[in-house]
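Given next are the chains, with one letter for each unit.
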Amino acid sequence: MKKTPTEYPLLALRGLVVFPKSSISFDIARPKSVTALETALTNNKEIFAVSQLDAENEEVSQSNLCKVGTICKVTQVFRQPNGRIRVIVEGIKRAYLKEYIDSGEMVTCTIDEFEEFQVPRLSMELTALLRATQELFEEYAGYLAKLPADVIFEILTFSSNVGRLADLIGIHSLIKYDEKQRILEQPDEIQRLSVVNEILSREIELLKMQKEILEKVKTNMDKVQKDYYLREQLKVIQEELGEKDGLAQDVREYRQRAENMELSEEATKKLNKELKRLERIQAMAPESGGIRDYVEHILNVPWNKFTKENKNLKNAREVLDKDHYGLEKVKERMVEFLAVCQTAPKQNAPIICLVGPPGVGKTSIAKSVAKALGRKYVRISLGGVRDEADIRGHRKTYIGAMPGRILYAMQQAGYSNPLVLLDEIDKMGNDFKGNPAAALLEVLDAEQNHAFRDHYLEVPYDLSNCMFLCTANTTEGIPPALIDRLEIIKLESYTDNEKINIAKKFLLPKQLERHGITKSDLKIKESAIEAIVSDYTKEAGVRRLERHLGELCRKSVKAKLLNEVIGEKKKAVTITSENIELFLGNKKVKADKIFKEPQVGICRGLAWTSLGGDTLSIEVNSMTGRGNFELTGNVGDVMKESAKAAMSYIRANYEKFGLSQNFYRVNDIHIHIPEGAVPKDGPSAGITIATAMVSALTNVPVKNNIAMTGEITIRGRVLPIGGLKEKILAAKKAGVVKVIIPNDNADDLNELDEYVKKDIEIILAKDMDKVLDCSLAKTKE
Ligand code: ADP
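On a predicted model such as this, the values are computed, not experimentally measured, just so you know. Here the residue index of a chain counts from 1 through its sequence in written order. This being a predicted model, a pLDDT of at least 70 is required before a residue's local features are given, and a value of 80 or more before pairs of side-chain atoms are given or counted; all residues contribute to the totals for chains, interfaces and linings. Side-chain numbers here rest on the full set of heavy atoms in the structure, without hydrogens or water.

A closer look at a negative patch on the surface
Put simply, a patch holds well-exposed residues, over 30% relative accessible area, that have no salt bridge, with like charges counted together within 9 Å and Val, Leu, Ile, Met, Phe, Trp or Tyr side chains within 5 Å. Methods summary: accessible areas were calculated by the Shrake-Rupley approach with a probe of 1.4 Å, and residue burial reflects only the protein chains presented. Whenever Lys or Arg places a side-chain nitrogen within 4 Å of a carboxyl oxygen from Asp or Glu, that contact is recorded as a salt bridge. Charge convention: Lys and Arg are scored as positive, Asp and Glu as negative, and His as well as the terminal groups of each chain are ignored. Here the site of a charge means atom NZ of a Lys, CZ of an Arg, CG of an Asp or CD of a Glu. On the surface, Asp744, Asp747, Asp748 and Glu751 cluster together into a patch of negative charge. Each helix is a run of DSSP H or I of at least 4 residues and each strand a run of E of at least 2, with the numbering of both proceeding from the N terminus. Structurally, Asp747 can be placed in helix α25 (residues 746-751). Burial classes follow relative accessibility: with a 1.4 Å probe on protein chains only, a residue under 20% of its type's maximum area counts as buried, one over 50% as exposed, and anything between as partly exposed. Residue classification places Asp747 among the exposed positions, given a relative accessible area of 58%.

What follows is the structure in structure tokens.
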């Protein structure tokens with residue numbers, strides 16, 4: 001096609017503006033544009049590029065074109081595989097679109113010259129505008145990281161041609177095409193720069209706002225991200241701690257555990273309530289720990305979970321026999337008790353209390369009974385319990401609240417029908433915080449204990465399937481309210497013979513096994529056991545004896561491993577009464593032995609304590625004085641009263657003893673009970689004190705081989721005492737051959753085993769006459 005010099009192929013640009021003296025590349029695809037390009041290429045490569053007003057419009061029409069365009073030179077053309085053509089054009093100069101000729105295939109146009117108003121020199125004002133624009137551009141460039149450094153440098157150092165500066169900024173800034181078009185269309189250089197100035201200012205404002213918004217979004221994002229990150233970390237930590245996905249998982253597990261148990265209705269309700277509370281709160285909320293503890297406790301107590309009970313009484317007796325030497329009466333009573341438990345309705349079953357000194361096998365009997373019945377055994381030590389909350393638990397509002405000892409024991413047992421041993425009920429105290437004995441009564445009362453209320457657990461708990469046994473050292477300390485509910489079975493102290501048998505048959509085999517040795521590693525002769533019993537232990541039970549046997553085992557294990565020589569033997573150790581001191585050290589018990597000769601003013605009494613029986617000598621001095629009456633040594637109030645009663649008796653009978661009527665005024669009397677004696681304050685030393693006093697006042701010695709026990713009245717009657725067996729055994733041990741006891745103890749005497757009464761003469765005395773008659777050595781024996 002022929003082209004007049006002023007006629008150009010027209011290229012309608014969409015979203016682009018070409019400035020003079022700038023290169024730009026873009027793709028073309030519309031057929032009219034392609035034909036226009038091809039036409040340009042066949043001629044002088046010049047083309048008129050003009051922006052569409054509406055870039056979205058596919059159709060080219062005059063009304064949709066800007067008034068000012070740019071005459072360009074096509075410098076390069078690339079045909080792309082997708083059919084599009086990439087061109088690079090270089091702007092030559094601005095021109096007005098004049099005539100618009102659409103041939104259908106392409107558009108051509110004629111143009112009018114674009115006259116630019118150039119300023120001859122830079123006025124002050126213009127310089128200021130120029131610098132201001134440059135500064136704006138610098139600020140603008142600061143917001144856009146994308147602008148190449150050399151472009152910025154070029155613009156900032158440009159100082160001659162104002163119009164060109166405006167164009168340069170138009171070319172390089174990332175403003176919209178219609179803004180660029182405004183710059184392009186401005187013939188007046190100063191005006192053009194002002195337009196640039198205004199556009200930049202607005203752009204900067206926009207960018208500033210944009211940045212602020214972005215920063216805000218970013219900080220928000222940062223917080224969200226931080227929270228997310230922390231939560232993820234927490235998850236990992238919880239997982240590491242085995243908490244899995246925290247609370248929800250735990251609650252699920254609690255529910256599952258509860259499903260596999262037979263919780264009571266109240267407990268289920270309460271548990272569900274607590275679990276719902278737990279679900280509602282945050283894992284880290286402070287109260288979550290308390291709720292969890294509570295839930296754990298509820299789930300840890302056994303609910304309707306039973307061990308199978310063995311009701312065979314023969315088996316029970318066999319187990320008791322297998323585990324214990326002697327104790328015939330106790331075993332018999334236990335079996336009777338078990339029989340009654342089976343036949344009598346629950347409500348009437350008695351509660352057994354085993355009473356006896358330490359180490360006589362109370363706990364051990366209870367364990368055997370549990371074993372025989374197939375019940376779990378749990379022990380609750382009540383020694384020192386003063387507070388009701390110890391039994392019944394603290395209310396949940398109390399910090400560090402816990403269930404009481406009863407429910408704690410149930411948790412330990414893990415079953416609803418254990419044998420619960422309430423140990424040392426006589427050591428239980430009582431103070432302002434309530435009466436633990438009352439709480440215990442509720443536990444033991446079959447009519448109430450099916451719904452025992454622990455303050456912490458809050459829901460009733462059924463204790464009626466438990467079997468309760470109690471122990472105490474003496475009946476005296478048992479709270480009166482409790483003693484009515486109990487059936488007492490007494491365990492007495494063991495004789496030396498019993499102790500030796502227990503040691504040989506039970507304690508030693510147990511200790512050998514516990515230390516992992518056999519009889520061939522350690523031989524303990526009977527003489528050695530006898531020596532331990534008499535020279536190393538002074539006790540009613542066998543605890544120390546067992547401990548000493550343990551000590552021997554320990555030492556022989558060491559000897560075995562170190563290949564040590566002990567005594568004369570190597571490795572296999574044989575212990576006899578001769579070499580026992582090598583193992584256990586010097587003898588610990590100095591036996592209280594009788595005097596060789598009868599003594600004036602010294603009389604041997606017999607005492608009974610939780611350690612068993614013992615002898616004690618009471619000494620009395622009488623000297624001329626002013627009637628002082630003094631008591632020293634290991635004397636308690638009851639003994640003081642016994643001494644006064646004795647004095648009263650002697651004064652009333654002064655003639656009988658050949659004393660002057662006012663003997664008590666002209667003599668000082670001093671009674672002393674040695675400190676080392678058994679710490680026992682009781683009335684049973686009464687007749688002993690009286691005898692010693694009579695002896696001192698009359699100067700008649702007391703027989704050295706006699707001992708006595710009995711309470712004295714002021715009229716000289718002798719009243720009964722307790723602990724007869726222990727006292728007689730202690731007397732025998734000390735070498736006494738005659739014992740005076742109150743006549744009223746005759747029945748007890750009949751009950752004693754023969755071996756106790758063997759080798760000793762027992763004299764029953766009704767009154768002091770008889771006592772003195774038998775004890776004072778009128779003529780030397
Ligand atoms: P307690 O409860 O009366 O203080 P324990 O039952 O704890 O005494 O007894 C202490 C130790 O003595 C236990 O090892 C126990 O097995 C043992 N023991 C006590 N009496 C006998 C006995 N008659 N036969 C066998 N071992 C006994």
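As for the site of the ligand
Lining the immediate surroundings of the ligand are 20 residues, of which Gly359, Lys362, Thr363, Ser364 and Arg543 lie closest. Between the ligand and Tyr325, the relevant distance is 2.8 Å, taken from a nitrogen atom to a main-chain nitrogen or oxygen of the residue. Between the ligand and Thr363 there is a distance of 2.2 Å, counted from an oxygen atom to a side-chain nitrogen or oxygen. Protein contact buries 91% of the 560 Å² of open area that the ligand shows by itself. Within the residue set of the shell around the ligand, elements represented by two or more residues are α12 (362-373), α17 (496-514) and α19 (543-562). Of the residues forming the shell around the ligand, the biggest block, 4 residues, is contributed by α17. The nonpolar class holds Ala, Val, Leu, Ile, Met, Phe, Trp, Tyr, Cys and Pro. Asp, Glu, Lys and Arg form the charged class, and all remaining residues, Gly among them, are polar. Along the lines of polarity and charge, the residues of the shell around the ligand split into 10 nonpolar, 5 polar and 5 charged. Only a single heavy atom is needed: when it lies within 4 Å of a molecule or strand, its residue is near that molecule or strand. What qualifies as a polar contact is a pair of N or O atoms within 3.5 Å, subject to a donor-acceptor requirement within protein and to the restriction that residues adjacent in sequence count only when both atoms come from side chains.

Focus on the side chain of Lys725
Within the fold, Lys725 resides in helix α24 (residues 724-734). Look at Lys725 and you get buried, because its relative accessible area is 8%. The contact rule is simple, with two residues in contact once any of their heavy atoms fall within 4.5 Å. With sequence-adjacent residues up to four places away left out, Lys725 is seen in contact with Glu492, Ser493, Thr495, Glu498, Leu752, Tyr755 and Val756.

A word on the pairing of strand β18 (residues 602-609)
Of all 8 residues in β18, 7 are buried, a share of seventy percent or more. At least two DSSP bridges between two strands are needed for those strands to be called paired. The pairing of β18 with strand β19 (residues 612-624) spans 8 bridges and is antiparallel. Each residue of the ladder has a partner; that of Gly605, found in β19, is Leu616.

Considering the sheet that holds strand β7 (residues 351-355)
Strands in a sheet are paired, the pairing made by backbone hydrogen bonds, and the direction either parallel or antiparallel. If you walk across this open sheet you meet the 5 strands as β8-β9-β12-β7-β13, and the pairing is parallel. With partners counted over all chains shown, the strands left at the sheet margins are β8 (377-381) and β13 (486-490), one partner each. Looking at each pair of strands side by side, their axes are set apart by 25° on average, direction ignored. By the bridge criterion, 5 bridges tie β8 to strand β9 (residues 419-423) in an arrangement that is parallel. Bridging from a neighbouring strand, Ile380 pairs with Leu422 of β9. Axes here mean lines fitted to C-alpha atoms, for a helix over just the part in contact, with angles spanning 0 to 180 degrees between N-to-C directions. Of the strands in this sheet, β7, β8, β9 and β12 (467-472) touch α12, which is tilted by about 170° from β9.

Notes on the nonpolar core
We define a nonpolar core as any set of buried Ala, Val, Leu, Ile, Met, Phe, Trp, Tyr and Cys residues linked to one another through side-chain atoms lying within 4.5 Å. If you look at the biggest cluster of nonpolar residues, it comprises 53 residues, and the most contacted ones within it are Leu422 and Ile425. The next biggest cluster of nonpolar side chains, apart from the first, holds 52 residues, and it includes Ile365, Leu469, Ile502 and Tyr536.

Some details on the pattern of salt bridges
Enumeration according to the criterion identifies 42 salt bridges in this entry. Of the charged contacts in the structure, one is a salt bridge between Glu458 and Lys270, with a shortest N-O distance of 2.8 Å. A residue pair is termed long-range when its members are at least 10 positions apart, and Glu458 in the loop between β10 (452-453) and β11 (460-461) and Lys270 in helix α8 (residues 265-280) qualify at 188 residues. By relative accessible area, which is 15% here, Lys270 ends up buried. A network of salt bridges, in which partner residues are shared, links Lys270, Glu274, Arg277, Lys396 and Glu458.

Overview of the pairing of strand β25 (residues 738-742)
Across the 5 residues that make up β25, a large majority, 5, are buried. Sheet topology places strand β22 (residues 706-708) next to β25; 3 bridges connect them, and they run parallel. Looking across to β25, one finds that Ala707 is bridged to Val739. When β25 meets strand β26 (residues 761-765), the two strands line up parallel, connected through 5 bridges. Paired with Ile740 across the bridge in β26 is Ile763.

Notes on the packing of aromatic side chains
Under the pairing criterion, centres of Phe, Tyr and Trp rings, with the six-membered ring standing for Trp, must be within 6.5 Å; the plane angle then separates stacked pairs below 30 degrees from edge-to-face pairs above 60, leaving the rest tilted. Evaluated as defined, the whole model comprises 6 aromatic pairs. Between Tyr96 and Phe114, the aromatic rings sit 5.0 Å apart at their centres with planes inclined by 40°, giving tilted as the arrangement. Taken together, the positions of Tyr96 in strand β5 (residues 85-102) and Phe114 in the loop between β6 (107-113) and α2 (124-143) put the pair 18 residues apart, joining distant regions of the chain. Residue class for Phe114 comes out buried when judged on its relative accessible area of 8%. Here, over-ring charges are defined by two tests on the NZ atom of lysine or the CZ atom of arginine: distance to the ring centre within 6 Å, and angle to the ring normal within 35 degrees. Here Lys396 stacks its cationic end above the ring of Tyr294, 3.8 Å away from the centre of that ring. Against the face of Tyr664 rests Arg651, its NZ or CZ located 3.6 Å from the ring centre.

Here we look at α12
Any helix carries an expected span of 1.5 Å times its number of residues minus one. With 12 residues, α12 extends 17 Å from end C-alpha to end C-alpha; this agrees with the ideal 16 Å at 1.5 Å per step. Of all the positions in α12, only Lys362, Ile365, Ala366, Ser368, Val369, Ala370, Ala372 and Leu373 are classed as buried. If you follow the buried residues of α12, they end up packed against α10 (313-323), α11 (328-343), β7, β8, β9 and β12. Just downstream of α12 lies Gly374, where phi reads positive at about 75°.

Topic: the packing of α10 against α11
Put simply, α10 and α11 touch, their axes get as near as 10 Å, and they point 155° apart. Relative to α11, the element α10 is oriented roughly antiparallel. The two elements α10 and α11 cross, and the hand of that crossing is right-handed. Between α10 and α11, the contacting residues are Leu313, Ala316, Arg317, Leu320 and Asp321 on the first element and Glu328, Lys331, Glu332, Met334, Val335, Leu338, Ala339 and Gln342 on the second. Tallied by class, residues from the contact of α10 with α11 come to 7 nonpolar, 1 polar and 5 charged. Angular relationships are summarised with four words: roughly parallel below 35 degrees, roughly antiparallel beyond 145, roughly perpendicular across 65 to 115, and oblique for the angles in between. For a crossing to be left-handed, the near helix must be turned anticlockwise from the far one by less than a right angle; the clockwise case is right-handed.

With respect to a nonpolar patch on the surface
Together, Met209, Ile213, Val217 and Met221 make up an exposed nonpolar region whose accessible area comes to about 380 Å². Tracing the chain through its elements places Ile213 in helix α6 (residues 189-240). By relative accessible area, which is 53% here, Ile213 ends up exposed.

Quick notes on the environment of Lys45
Tracing the chain through its elements places Lys45 in the loop between α1 (31-42) and β3 (46-51). Separated by 27 residues in sequence, Lys45 and Cys72 have C-alpha atoms that sit 8.2 Å apart. Apart from the residues lying within four places of it in its own chain, the contact partners of Lys45 are Ala40, Cys72, Lys73 and Val74.

With respect to the environment of Glu711
Secondary-structure assignment places Glu711 in strand β23 (residues 711-712). Taking the C-alpha atoms as reference points, Glu711 and Ile721, separated by 10 residues in sequence, lie 6.9 Å from one another. The residues touching Glu711, leaving out its near neighbours within four places in the chain, are Pro683, Ser684, Ile687, Arg717, Val718, Leu719, Pro720 and Ile721.

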